[in-house]
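The residues making up each chain are set out below.
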Amino acid sequence: MPSTDVNALLKPLALYTGLLGLLTVGGVYLATHSGLYLLALTGAGVLLVVLGGGAVGQMGPSNVEHAGEKGGTNRVVSNAGLWSPVETDTSLRLALLCYGAGVFLWSLVVFGVLRDTLV
């Protein structure tokens, strides 16, 4: 079963971290060649990672159901993971996390590789 969870993460990682992160950073670089804009984009990527990771880490009383209190077993069922209880293709939290990581990482790559061409 853990391999199924990893396989479910491959599509959002490839799409948001790889493709959309690269397109965003590449577009800003090609349009501006400005280190200041890329620095702001790096900060935005960190902010998106924090927002996505913070939303994943939230766990309130409404997210946990104690089945033992309703006459069932003593299991705890939690919906505070990466996916929302509503069936969607990719949750907003996971998309924010992956996209923010992609923007941050691709910005670092551009700073490292193309630093001589930045204005």
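Scroll up to find the structure this text is about.
Participant: Lay out the nonpolar core in plain terms, naming residues and giving numbers.
Facilitator: Formed by Val 25, Tyr 29, Leu 38, Leu 41, Val 103, Val 110 and Leu 118, the largest nonpolar core amounts to seven residues. Every element with two or more residues in this core is listed here: helix 1 (2-32), helix 2 (35-57) and helix 3 (92-113). Each residue touching Val 110, except ones within four places of it in the same chain, is listed here: Val 25, Tyr 29, Leu 38 and Arg 115.

Participant: How would you summarise the environment of Gly 100 if you had to cite specific residues and measurements?
Facilitator: Here Gly 100 shows up in helix 3. Put simply, Gly 100 and Val 46 are 54 residues apart on the chain and 6.1 Å apart in space, counted from C-alpha to C-alpha. If we skip the residues at most four places from it in the chain, Gly 100 touches Gly 45, Leu 48 and Val 49.

Participant: Go over the environment of Val 25 with me, naming the residues and quoting the values.
Facilitator: Counting through the fold element by element, Val 25 comes out in helix 1. A C-alpha to C-alpha distance of 8.0 Å links Val 25 and Val 110, two positions 85 residues apart in sequence. Residues in contact with Val 25, not counting those within four places in the same chain, are Leu 38, Leu 41, Val 103, Trp 106, Ser 107 and Val 110.

Participant: Hey, could you go over helix 3 for me, with residue numbers and the actual values?
Facilitator: Taking 1.5 Å of rise per residue, the 22 residues of helix 3 would be expected to cover 32 Å, and the 31 Å separating its terminal C-alpha atoms lies within 8% of that figure. Taken residue by residue, helix 3 has Arg 93, Leu 94, Ala 95, Cys 98, Gly 100, Gly 102, Val 103, Ser 107 and Val 110 as its buried positions.

Participant: Would you mind going over the side chain of Ser 91 in detail, with residue names and values included?
Facilitator: Within the element layout of this structure, Ser 91 appears in the loop between strand 2 (76-78) and helix 3. A relative accessible area of 3% means that Ser 91 is categorised as buried. Only 3.2 Å separates the side chain of Ser 91 from the backbone nitrogen of Leu 94, close enough to count as a polar contact.

Participant: Describe unusual backbone geometry, naming the residues involved and giving the relevant values.
Facilitator: Here His 33, not a glycine, exhibits a phi torsion of approximately 55 degrees, which is positive. By the element assignment, His 33 lies in the loop between helix 1 and helix 2. For His 33, a relative accessible area of 30% translates into the label partly exposed.

Participant: With reference to specific residues and values, describe the environment of Leu 118.
Facilitator: Note that Leu 118 resides in the segment after helix 3. Considered as a pair, Leu 118 and His 33 are 85 residues apart in the sequence and their alpha carbons are 5.1 Å apart. Leu 118 has contacts with Tyr 29, His 33, Ser 34, Gly 35, Leu 38 and Phe 111, leaving out every residue within four places of it along the chain.

Each value, and the rule that gives it
Residues numbered from 1 in each chain as written. Predicted model: local features only at pLDDT ≥ 70, side-chain atom pairs only at ≥ 80, totals over all residues. Heavy atoms only, no water. Core = buried A, V, L, I, M, F, W, Y, C linked by side-chain atoms within 4.5 Å. Buried < 20%, exposed > 50% of the residue type's maximum accessible area, 1.4 Å probe, protein only. Helix = DSSP H or I, 4+ residues; strand = E, 2+ residues; numbered from the N terminus. Contact = heavy atoms within 4.5 Å. Expected span 1.5 Å × (residues − 1). Polar contact = N/O pair within 3.5 Å; in protein donor to acceptor, adjacent residues only side chain to side chain.

This is a description of form; function is not addressed.
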